[in-house]
Amino acid sequence: MTSNPLLPDLAVHAEAEAHSRTSACPCGATVTLADRVDATVVRHGETVAKAHTQGMSLAELTPRLRTAAALPDLLLAPLTPHPGDLHGRLVTFWPYGTPVDPEDPDAAPWEAAATLLARLHSTTAPVAVPPMRGPLKAASAVARLRAAGAEGAGAGAVLRAWGTLPEWARAEAPQPDTATLCHGDLHLGQLVRHPAPHGPWLLIDVDDLGVGVPAWDLGRPAAWYACGLLSPEEWDRFLAAYRAAGGQAVPGDGDPWSALDVPARALTVQTAARAITKAQVEGRLLDEVEQALVDACDRMAAVPPELAQGYAK
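For clarity, every value in this text was computed on a predicted model and none was experimentally measured.

Here we come to the sheet that holds strand S2 (residues 39–44). The five strands lie next to each other as S1-S2-S3-S5-S4, forming an open sheet whose pairing is antiparallel. Looking at which strands have only one partner, the edges of the open sheet turn out to be strand S1 (31–35) and strand S4 (84–86). Between one strand axis and the next, the sheet turns by 25° as a mean value, whatever way the strands run. Most of the contacts of helix H1 (residues 6–21) go to S2, to which it runs at about 40°, and overall it touches S1, S2, strand S3 (47–52), S4 and strand S5 (89–95). Here helix H2 (residues 58–70) sits on the sheet in contact with S3 and S5, set at roughly 10° to S5.

Shown next as structure tokens:
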């Protein structure tokens, strides 16, 4: 069996790009930051190289890169807006930024994340961008769950909850908002400080960036809160900061849930589907957090979602 040459070859490209930009590279080992089906990411010095998901086209990625380059106070700008090709995968290069410390949850930058989202949602896309890919990623997670042939109450609950969602949230119809610029995959791993280590927080990963329903970007924190995985205090900090910055995804006061319910449900289903599929591959039971997500799907399947702003179909 031959090994996949993508990772070592990407490391070579990262080193070459780093050396082309500075003669003072410390030249330590190239570090793998991620090696997943949807992305392979390595770092050499202050340069990060990313091989994007298989099937990502130039027509999809290029306007997203141009958007990041045009909005450097919101999004980490690429070192070049022109992707390369490596083993059939588009490759881009980025400056290194300091990520959120997973060992220090009390320092999680909820206010910074919310403020960046609110500003992004109020910004007109500088170039025409494709639809935000959030619903498509949720649909892909459910498709992988079905393809894996997962059985049992957990898989059934996830699929039943998925079936209650409106068509747009399942990527079976266009999103009802075709103008608002959205990140598409917001979580704390999508923020870095740049310049490292103490620069301002910026959003990273433009693969899912596009126009769509802005409440989707609040959906993951909302889902964690609804499932008991995010404290009420942290959720309140996030929501208050988003509103204070003029965010348009939710009403300015009062109960936000009519806008957030569908995205939160969809992202709960997506995460639970991924958890079941991963656990099946690894031959293990769900852990406590994964089980909480599946249990939430079971509850969701029995109660129709709230539909707001005409987002039903």
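Note: α-helices contain 3.6 residues per turn, so residues at a spacing of three or four share the same orientation. With twelve residues, helix H3 (residues 110–121) should cover 16 Å at 1.5 Å per step; its first-to-last C-alpha distance of 16 Å lies within 8% of that length. Buried within H3 we find Trp 110, Ala 113, Ala 114, Leu 116, Leu 117, Ala 118, Leu 120 and His 121. For H3, the elements touching its buried residues are strand S7 (181–182), strand S8 (191–193), strand S9 (201–203), helix H6 (216–226) and helix H7 (232–244).

Strand order in the open sheet formed by three strands is S6-S8-S9, with antiparallel pairing between adjacent strands. With one partner strand each, in any of the chains shown, strand S6 (98–99) and S9 form the two edges of the open sheet. Alignment of S8 against S9, held across three bridges, turns out to be antiparallel. The residue bridging Val 192 from the neighbouring strand is Leu 202, located in S9.

Attention now goes to unusual backbone geometry. Of note, the amide linkage connecting His 194 to Pro 195 takes the cis form, showing an omega dihedral of 0°. In this structure, Pro 195 sits in the loop between S8 and S9. Of note, the amide linkage connecting Ala 196 to Pro 197 takes the cis form, showing an omega dihedral of 0°. Unlike most non-glycine residues, Ala 171 shows phi in positive territory, near 60°. With respect to the secondary-structure elements, Ala 171 resides in the loop between helix H5 (153–163) and S7. One non-glycine residue, Asp 205, lies in positive phi territory at about 70°. In this structure, Asp 205 sits in the loop between S9 and strand S10 (210–211).

Criteria and thresholds
Residues numbered from 1 in each chain as written. Predicted model: local features only at pLDDT ≥ 70, side-chain atom pairs only at ≥ 80, totals over all residues. Heavy atoms only, no water. Pairing = 2+ DSSP bridges. Helix = DSSP H or I, 4+ residues; strand = E, 2+ residues; numbered from the N terminus. Axes fitted to C-alpha atoms, helices over the stretch in contact; angles between N-to-C directions. Contact = heavy atoms within 4.5 Å. Expected span 1.5 Å × (residues − 1). Buried < 20%, exposed > 50% of the residue type's maximum accessible area, 1.4 Å probe, protein only.

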